[in-house]
Amino acid sequence: MSSQKLIEKIRRKDAVIGIVGLGYVGLPLVLRFAELGFRVLGFDIAADKIEMINDGRSPIEHISHDRLKAAVASGFEATSDFSRAGEADTLILCVPTPLNKYREPDLSFVVNTVESLLPHIRAGQLMSLESTTYPGTTVEELAPRIESRGFTIGEDYFLVYSPEREDPGNPDFTTHTIPKVCGGYTSACLDAGVALYGSVIDRIVPVSSTQVAELTKLLENIHRAVN
């Protein structure tokens, strides 16, 4: 499937949106896509969280039960069955990247998530990493794994990095009003990523590569920390 076919599917809202990691980053994104008419499939490894969400009970304080119930009623489903990843047209990875005891980034959540998805990904999908990480992660960790399945990124599989920019509990800024940076592995990947996020977020800021997008997140976090 070309990027154009995927873009058209997104524009028609026929694309199934897969979101991996249903925490304070992934769940607001689920709700935004669901509220705009997309079918959303959420993945998480925590069985108790999956049960809560499918019952319409929010595990996150600033997300109301009513919003979650409405998403479930519109077709949103949470699952821990990663073999269903092939049902999704896009896979957005919203998993944590904590620091280890040496103050180095712990990529185990990202790598383990990709490894869990890998046997089930298919041609024509878009994978987007949102986790905060160092420049080069998408190219060095995700791309080779996708290519190991025989896909050519930019032709039959698409890969972007678009850092999460949630400000939990801030009533002045919501998921769709915070500008979203997106960098693609290739120009076709970027086009698909901009179409995906542009369908639910007011302003998209395309950048020249995944490495640039990764660096913008670090600069933003440094700026916040210093201030």
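Residues numbered from 1 in each chain as written. Predicted model: local features only at pLDDT ≥ 70, side-chain atom pairs only at ≥ 80, totals over all residues. Heavy atoms only, no water.

Undergrad: Give a description of the state of the cysteines that names residues and reports values.
TA: This model, assessed by the stated rule, comprises zero disulfides. Of all cysteine sulfurs in the structure, the one in Cys182 sits closest to Cys94, which takes part in no disulfide; the separation is 13 Å. Residue Cys94 is classed as buried on the basis of its relative accessible area, which comes to 11%. Not part of a disulfide, Cys182 finds its nearest cysteine sulfur in Cys189, a span of 9.5 Å. (Disulfide = S-S within 2.5 Å. Buried < 20%, exposed > 50% of the residue type's maximum accessible area, 1.4 Å probe, protein only.)

Undergrad: I'd like a rundown of the pattern of salt bridges, residues and numbers included.
TA: Under the defined criterion, the tally for this structure stands at 16 salt bridges. Across the pair Asp14 and Arg12 runs a salt bridge whose closest N-O atoms are separated by 2.8 Å. Ionic contacts of the salt-bridge type, sharing partners, join the residues Arg39, Glu77, Arg84 and Glu87 into one network. (Salt bridge = Lys/Arg side-chain N within 4 Å of Asp/Glu carboxyl O.)

Undergrad: Go over the side chain of Arg84, please, and point to the residues and values.
TA: Checked against the element boundaries, Arg84 lands in the loop between β3 (77-79) and β4 (90-93). Judged by its relative accessible area of 18%, Arg84 is buried. A distance of 2.8 Å separates the side chain of Arg84 from the side chain of Glu87, its partner in a polar contact. The residues contacting Arg84, other than those within four sequence positions of it, are Arg39, Leu41, Phe43, Glu77 and Thr79. (Helix = DSSP H or I, 4+ residues; strand = E, 2+ residues; numbered from the N terminus. Polar contact = N/O pair within 3.5 Å; in protein donor to acceptor, adjacent residues only side chain to side chain. Contact = heavy atoms within 4.5 Å.)

Undergrad: Requested: an account of the environment of Glu104, with residues and values cited.
TA: Here Glu104 lies in the loop between β4 and α5 (108-117). Taking the relative accessible area as the measure of exposure, Glu104 reaches 43% and is therefore partly exposed.

Undergrad: Got a sec to walk through the nonpolar core? Specific residues and values, please.
TA: One recurring pattern in soluble globular proteins: nonpolar side chains tend to sit buried together. With 67 residues, the main nonpolar core has Ile19, Phe33 and Met127 as its most contacted residues. Apart from residues no more than four positions distant in its own chain, Met127 is found in contact with Leu91, Leu93, Leu117, Ile121, Leu142, Ile146, Tyr157, Phe158, Leu159 and Val160. (Core = buried A, V, L, I, M, F, W, Y, C linked by side-chain atoms within 4.5 Å.)

Undergrad: How would you summarise the sheet that holds strand β5 (residues 126-129) if you had to cite specific residues and measurements?
TA: Here we have eight strands laid out as an open sheet, ordered β3-β2-β1-β4-β5-β6-β7-β8, and mixed in their pairing. Either end of the sheet is taken by a strand with one partner, and the two such strands are β3 and β8 (204-207). Each adjacent strand pair in this sheet contributes to an overall mean axis angle of 25°, direction not counted. (Pairing = 2+ DSSP bridges. Axes fitted to C-alpha atoms, helices over the stretch in contact; angles between N-to-C directions.)

Undergrad: I'd like to hear about the packing of helix α1 (residues 3-11) against helix α7 (residues 187-198), residue by residue, with values.
TA: For the pair α1 and α7, interaxial distance at closest approach is 9 Å and the crossing angle is 0°. The pairing of α1 with α7 is recorded here as roughly parallel in orientation. Facing α1, whose interface residues are Ser3, Leu6, Ile7 and Ile10, α7 presents Ala188, Asp191, Ala192, Ala195 and Leu196. Residues belonging to the contact of α1 with α7 are distributed by class as follows: seven nonpolar, one polar and one charged. (Parallel < 35°, antiparallel > 145°, perpendicular 65-115°, else oblique. Nonpolar A, V, L, I, M, F, W, Y, C, P; charged D, E, K, R; others polar.)

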